[in-house]
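# An overview of the molecular structure
These are the residues of each chain, in order.
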Amino acid sequence: MLVSVVIPCYNSEQTIGRVVEMVMDEFTRLEGYECEFVLVNDNSRDGTFEAIRRLGETYANVHGISLMRNFGQHNALMCAMNYTSGDLVLGMDDDLQTHPSQISLLIRKMEEGYDLVYGIYKKHKNGMLKNLTSWFNKVSSDILLGRPKEIQSSNFWLITRAVRDEVIKYTSFNPYVDGIFYRTTHRIGNVVVEHHKREVGSSNYTFRKMLRLWMAYFNYSVVPLRLASYLGLGTACVGFIAGLVTMIRKLMDPGMTVGWASTVCILLVFFGLILLVLGIIGEYIGKIMLTINNTPQYIIREKVNL
């Protein structure tokens, strides 16, 4: 059985060679399985694509793609999956945090009949900010994406060919692969794996990039619009009740002074809510416009062994 290993690469000149060789060593110990690689250089600032080119010259089963600009991790994954030919597709990182020694655990779990298996970690080797955003991501994805509550996700996953075939049908400019997975299947498994420390450099995910990735959830859910409707209905009820109470108090005590400060505060709260709702609607409209204008999911500059 052929397993296609897809790896988005960004500034990984010093690690990608080791990742490929360690994965190959791991597959020599997995009877009945062989591997191929689709490595996507997401417009790195170092010599990542030259390292990929050298790997392609050395190994016939290593395929490389270089993108014309930085599209992001999930766009690079979508690009890679379009060029896989395996019975299974394995997604992992380029920095050895998703360690090749744990691949066999995902494959054995997949043999139980799952469409998708995530490798999850008992203990993360990330910093406090990354752990905090991971927790927020888990909670919000449960609500917005409809992820099964008993399931955890990570960048270390294994899917069947059937799931891959459905995933690549999605052509929007702003993909989130986990969201597409949840729309495709709920036959999802978890297996505990070791989380290793990044061996070189630091995470390329800034707060801005993580926020942008989280905003991709809006492509797969109308929950924010429904929340905006409920918020508007709730504040309208509060405003109506507050106005009714004020009117009754004034009728009962004509000499009561009605302060302008409280009126201004109420106006600020309500105008703030209006702007919030308009912002949510604007986010949806903006994504629709970008999709209509055929904003590319990725653009390929060069290929190796493809």
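Conventions and cut-offs
- Per chain, the residues get numbers from 1 upward, laid out in the order the sequence is written.
- pLDDT decides what is reported in this predicted model: residues at 70 or higher carry local features, side-chain atom pairs at 80 or more are listed and counted, and totals for whole chains, interfaces and linings draw on all residues regardless.
- Remark: hydrogens and water are excluded; side-chain values derive from all non-hydrogen atoms of the structure.
- Working definition: helices are DSSP H or I runs of at least four residues, strands are E runs of at least two. Numbering for both runs from the N terminus.
- Accessible areas in this description were obtained via Shrake-Rupley with a 1.4 Å probe; residue shielding takes into account the shown protein chains only.
- The distinction between a cavity and a pocket rests on a 1 Å grid over the protein atoms alone: a 1.4 Å probe fits inside a cavity but cannot get out, while a pocket stays open yet meets protein on both sides within 12 Å along at least five of seven lines, and a residue with an atom within 4 Å of a point counts as lining.
- Grid points are joined across faces, edges and corners, and a volume is the space filled by probe spheres set on the points.
- Note on residue classes: Ala, Val, Leu, Ile, Met, Phe, Trp, Tyr, Cys and Pro are nonpolar, Asp, Glu, Lys and Arg are charged, and everything else, Gly too, is polar.
- The rule is simple: take the accessible area with a 1.4 Å probe, protein chains only, and divide by the maximum for that residue type; under 20% is buried, over 50% is exposed, in between is partly exposed.
- Any carboxyl oxygen of Asp or Glu within 4 Å of a side-chain nitrogen of Lys or Arg constitutes a salt bridge here.
- A pair of Phe, Tyr and Trp rings is counted when the ring centres sit within 6.5 Å of each other, with Trp represented by its six-membered ring. The angle between the planes then sorts it: under 30 degrees is stacked, over 60 is edge-to-face, the rest tilted.
- In this scheme, the term charge over a ring applies when either NZ of a lysine or CZ of an arginine sits within 6 Å of the ring centre and within 35 degrees of the ring normal.
- To form a nonpolar core, buried Ala, Val, Leu, Ile, Met, Phe, Trp, Tyr and Cys residues must be joined to one another through side-chain atoms within 4.5 Å.
- It is the directions from the helix axis to the C-beta atoms whose arc is reported.
- Note on contacts: a residue pair qualifies if any of its non-hydrogen atoms lie within 4.5 Å across the two residues.

Turning our eyes to something else, we now look at the overall build of the protein. Counting its regular elements, the protein contains 10 helices and eight strands. If you sum the accessible surface of the protein, you get close to 16300 Å²; carbon and sulfur atoms cover 60% of it.

Take empty space enclosed by the protein next. Scanning the entire structure with this criterion turns up one cavity of 30 Å³ or more. If you add up the space inside the largest cavity, you get close to 60 Å³. If you trace the largest cavity, you find it lined by P8, Q73, H74, L77, G91, M92, D93, S154, N155, W157, V177 and D178. Of all the secondary structure elements, the ones that give two or more residues to the lining of the largest cavity are α3 (73–81) and α7 (177–184). Looking at the lining of the largest cavity, the element that brings in the most residues is α3, giving three residues. Across the lining of the largest cavity, the residue classes break down as five nonpolar, five polar and two charged.

Glancing now at α3. The buried fraction of α3 is high, at nine of nine residues. Inspection of α3 places Q73, H74, N75, A76, L77, M78, C79, A80 and M81 among the buried residues, and these make up the whole buried set.

So, about the pattern of salt bridges. Counted under the stated rule, the structure contains eight salt bridges. In this structure, R53 and E302 form a salt bridge, with 2.7 Å as the shortest nitrogen-oxygen distance. Note that R53 is positioned in helix α2 (residues 48–58) and E302 in strand β8 (residues 300–304), a separation of 249 residues in sequence. In this structure, R108 engages E111 in a salt bridge whose closest nitrogen and oxygen atoms are separated by 2.9 Å. Taken together, the shared-partner salt bridges connect E50, R53 and E302 into one network.

A few words now on the packing of aromatic side chains. Following the criterion strictly, the structure yields one aromatic pair and no others. Between the aromatic rings of W157 and F181, the centroid separation amounts to 5.1 Å while the plane-to-plane angle is 75 degrees, which identifies the pairing as edge-to-face. One end of the pair, W157, is in strand β6 (residues 157–160); the other, F181, is in helix α7, with 24 residues separating them in the sequence. The pair W157 / F181 is uniform in exposure class, with both members buried. A cation over a ring is seen here: R69 above F71, with NZ or CZ 3.9 Å from the ring centre.

Attention shifts here to the nonpolar core. For soluble globular proteins, the rule of thumb is that nonpolar side chains tend to be buried together. The biggest cluster of nonpolar side chains holds 35 residues, and the ones touching the most others in it are V5, F27, F37, L39, L90, M92 and I103. Elements that contribute at least two residues to this core include exactly β1 (2–9), α1 (16–28), β2 (34–41), α2, β4 (88–91), α4 (103–110), β5 (116–121) and β7 (188–193). Core analysis: the next-biggest nonpolar cluster, separate from the first, contains 27 residues, L67, L116, W157 and I180 among them.

Looking now at α2. Those residues of α2 that sit buried are T48, F49, A51, I52, L55 and G56. Taken around the axis of α2, the buried residues stretch over an arc of 155 degrees, which confines them to a single face. Exposed side of α2, more than 90 degrees from the buried face: E57 and T58 are the residues found there. Packing partners of the buried residues in α2 comprise β1, α1, β2, β3 (62–67) and β8.

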